[in-house]
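Summary of structural features
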Amino acid sequence: MNDSDLIPVRYLNEYAYCPRLGYLEWVESEFVDNYYTLDGRFKHKRVDAQSDKVTEEGEGDKAHRRSVYLSSKKLGLTGRIDLVEHEGERATPVEYKRGKVPDTPERAYEPELVQVCAQALLLRESGYSCDRGIIYFIDSKTRIEVDIDEALVSRTLSLLESFRELVNKGEIPAPLNNSVKCIGCSLAKICMPDEVRLLSEAVEKDEEDRYRRLVPARDDAVPVYIIGQGSYVRLDGDCITVTSPPPEQERETIRLIDVSQLNVYGNVQITTQALREFCERSIPVSYFSTGGWFYGITHGHTSKNVHLRIAQYDAFRDGERSLEFARKIIQGKIKNCRTIIRRNSTEDETTTLKALAACGKYAVRANSMEELLGIEGNAAHIYFAVLPRLIKPRGTDELEFNFEGRNRRPPLDPVNAMLSFLYAILVKEITVTAYAVGLDPYLGLMHRPRHGKPALALDLMEEMRPIIVDSVVLTMINNGEAAGKDFIKGMGSVHMSDGLRKRAIRAYERRMSTLIKHPKFGYTISYRRVLEVQARLFSRFLMGEISEYPAFCTR
Ligand code: SF4
């Protein structure tokens, strides 16, 4: 057995709590902090802070040793023990736990008992006599003594064996069924227990309501955009300060805990110290040209879930699987285009809606990627032909918004300028999400790989284009937030003014924060969280846990 095959004791604890949690954390290297994990880490600090005091004398002849690392190839276990109290050949592991002593007959939960027992077994393998362990509950300041008896040893070894079998099998266990454990689980937003059960079990429509929907806590951090040319970003303790160029040199300070991502346009300087801190805190920094062209991202280490990326590469090589996924996203995109037309048109669009519905049906039956792309192109042509009718005529501005189909690089009219600017932000958003989920954003299943093109982000973006970007552009034009005077024309292209770009970013962010009822899961969710849910469902599809990728379609 290699050292890398040894199972860490803390993952055995997680496995005892929930086999799926143990698998996600140990095999798929997923980890997310929540209140409980942060609180636990904070409370462990005192123990860790003293780890340099290797040995200290305690009461009587007892010696204390903190942060003791032990491994046993025979057991297939490794782990760190917070504190070992020993007296001659007798040793007692002490495990610190956040919270209070639970109201159970054993005065501790099974995962904690198993964890202490596993530590005791490691001490025995190291030559110590160990027949008891201690769990110290920090909030109650109480030590609970645990008998390392035969029953506990047998339960611990049996869990260890079944965990190892699971790891070797490489198949993620099904989520728990309506368990209260999921409510406090830090990985709920990755695991998505209720969503996965709903999608993986054959559920009749009228039975869907009996499925619980666990809604993870909302993340209060927001994206920060810096578009002022010559601005300077530097680290200032737990904040960043953004200074505008001379002569104004206005300073703005933002707390890092309030920042989910940083987006910089054009010539903005960022200090190395600030970049390092962004990487450390997993805050991605995205770079755009002044016109909004998305260049790339700086981010910390990528997800360690290599199995997911292998599954993504396998799906890429599997033509039928790629086509299956592509059919879903194109069908979803066409449905969402129809929704945008229905919501915004004041004319009778029956013919167009029928034509698009027919494209959706053909997309489901497409026999090849080429055929599907042809259908998608036809649907886009029909949809963009309607777009001018969705724009309210407004006197002299009418000509300014005369849209005659999609064009880009450079955009030739105001509508295309706005669409291109916001599509670039959306593709960045999905690239960032794909990295966070552990996917390779540059390997798509429908968009083929090309140097520098985030093909997977472009795939996942298809169904979201109409309901996010097109919707924002139409709203801004129709409510007067964008007018003809906000565009600069020259050299055969059209560009947005600085003021309009700021307003477009604000409108985009409003849209991303808009709460909607999820059409399938029934809970209230923001568009930003929808992007993550879709990327996670795509990863569950890649890992074979759900048989189809469910495109997101609003009604
Ligand atoms: S959310 Fe529930 S099923 Fe998923 S890992 Fe956590 S406890 Fe297990």
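Preceding block: the structure.
Position numbers for residues count from 1 along each chain, tracking the sequence in the order it is written. Note on the predicted model: pLDDT of at least 70 is required for a residue's local features to be given, and 80 or more for side-chain atom pairs to be given and counted; whole-chain, interface and lining totals, by contrast, use all residues. Note that the side-chain values use all heavy atoms of the structure and ignore hydrogens as well as water.

1. Overview of the overall build of the chain
In terms of helices and strands, the chain carries 17 helices and 19 strands. Relative accessibility thresholds used throughout: buried, under 20% of the residue-type maximum; exposed, over 50%; partly exposed, between the two (1.4 Å probe, protein chains only). Across the 555 residues that make up the chain, the buried fraction comes to 54%. For the chain, the share of sequence-separated contacts (at least 6 apart) that also reach a separation of at least 24 residues comes to 63%. Of the accessible surface of the chain, which amounts to about 26700 Å², a share of 50% is contributed by carbon and sulfur atoms. Numbered from the N terminus, helices here are DSSP runs of H or I no shorter than four residues, and strands are runs of E no shorter than two. Here a residue-residue contact requires only that any non-hydrogen atoms of the pair lie within 4.5 Å. In short, Shrake-Rupley with a 1.4 Å probe defines the accessible areas, and a residue's cover is counted only from the protein chains shown.

2. Looking at helix H7 (residues 193-200)
In terms of burial, H7 is a largely internal element, six of the eight residues being buried. All buried positions along H7 are accounted for by Pro-193, Asp-194, Glu-195, Val-196, Arg-197 and Leu-198. Buried residues in H7 make contact with helix H2 (19-26), helix H6 (188-191) and helix H17 (527-542).

3. A closer look at the pairing of strand E9 (residues 232-236)
Side-chain positions along a regular strand alternate between the two faces of the sheet. Two strands are counted as paired when DSSP detects at least two bridges linking them. The pairing of E9 with strand E10 (residues 239-243) spans five bridges and is classified as antiparallel. The partner of Arg-234 across the bridge, within E10, is Thr-241. Connecting E9 to the next strand, E10, in antiparallel fashion are two residues, including Gly-237 with a positive phi near 65 degrees. In the sheet, E9 pairs with strand E13 (residues 269-270) via two bridges, with the strands oriented parallel. Bridge pairing in E13 places Val-233 opposite Ile-270.

4. A few points about the nonpolar core
Among the nonpolar cores identified, the biggest contains 94 residues, and Leu-422, Ile-425, Leu-426, Leu-439, Met-464, Ile-468 and Phe-538 are the most heavily contacted of them. Apart from residues lying up to four places away in sequence, Phe-538 is in contact with Phe-325, Leu-439, Leu-445, Leu-456, Leu-460 and Tyr-549. What makes a nonpolar core is a set of buried Ala, Val, Leu, Ile, Met, Phe, Trp, Tyr and Cys residues whose side-chain atoms join them at distances within 4.5 Å. Listed in part, the 46 residues of the second largest apolar core include Leu-121, Ile-144, Val-153 and Cys-191.

5. Some remarks on the sheet that holds strand E11 (residues 251-255)
Taken together, four strands build an open sheet; the order of strands is E11-E10-E9-E13 and the sheet is mixed. Strands at the two margins of the open sheet, each flanked by one partner only, are E11 and E13. In the sheet, E10 pairs with E11 via five bridges, with the strands oriented antiparallel. By the bridge assignment for E11, Val-242 is matched with Glu-252. Inter-axis angles, ranging from 0 to 180 degrees, are taken between N-to-C directions of lines fitted to C-alpha atoms, where helices are fitted over the stretch in contact. In the packing of helix H8 (residues 272-280) onto the sheet, the strands contacted are E9, E10 and E13, and the crossing angle to E9 comes to about 65 degrees.

6. Description of the site of the ligand
When we say a residue is near a molecule or strand, we mean one of its heavy atoms is within 4 Å of it. In the vicinity of the ligand, the contacting residues are Cys-18, Leu-21, Pro-175, Leu-176, Cys-182, Cys-185, Ala-188, Cys-191 and Pro-193. The residue inventory of the shell around the ligand, partitioned by class, reads nine nonpolar, no polar and no charged. Side-chain classes follow a simple rule in which Ala, Val, Leu, Ile, Met, Phe, Trp, Tyr, Cys and Pro form the nonpolar group, Asp, Glu, Lys and Arg form the charged group, and the remainder, Gly included, forms the polar group.

7. Here's the deal with the pairing of strand E16 (residues 487-490)
Pairing of E16 with strand E17 (residues 493-496), which is carried by four bridges, proceeds in the antiparallel orientation. Bridge pairing in E17 places Phe-487 opposite Met-496. Counted between consecutive antiparallel strands, the loop separating E16 from E17 contains two residues, among which Met-491 sits at a positive phi close to 50 degrees.

8. Notes on the sheet that holds strand E15 (residues 294-298)
Strand order in the open sheet formed by four strands is E8-E12-E14-E15, with mixed pairing between adjacent strands. The open sheet has two edge strands with one neighbour each: strand E8 (222-226) and E15. Taking each pair of neighbouring strands and ignoring which way they run, the sheet shows an average axis angle of 20 degrees. The sheet contact formed by strand E14 (residues 285-288) and E15 spans four bridges and is antiparallel. Pairing of Ser-286 across the sheet is with Ile-297, part of E15. Those strands touched by H8 are strand E12 (259-265), E14 and E15, and its axis lies near 125 degrees from that of E14. Packing of helix H13 (residues 414-437) onto the sheet brings it into contact with E8, E12, E14 and E15, and relative to E15 it is tilted by some 25 degrees.

9. Remarks on the packing of helix H10 (residues 319-344) against helix H15 (residues 465-478)
The description of two packed helices rests on the angle between their axes and on the distance between the axes. It is the contact of H10 with H15, at a shortest axis distance of 9 Å, that shows an interaxial angle of 30 degrees. On the basis of the axis angle, H10 is roughly parallel to H15. In the crossing of H10 with H15, the sense of the turn from one axis to the other is right-handed. Only Arg-465, Pro-466, Ile-467, Ser-471 and Leu-474 of H15 make contact with H10, whose side of the interface consists of Lys-333, Asn-336, Cys-337, Ile-340 and Asn-344. Here is the rule for angles: anything less than 35 degrees is roughly parallel, anything more than 145 is roughly antiparallel, 65 through 115 is roughly perpendicular, and the remaining ranges are oblique. Working rule for handedness: look at the near helix, and if it is turned counterclockwise from the far one by less than a right angle, call the crossing left-handed; if clockwise, right-handed.

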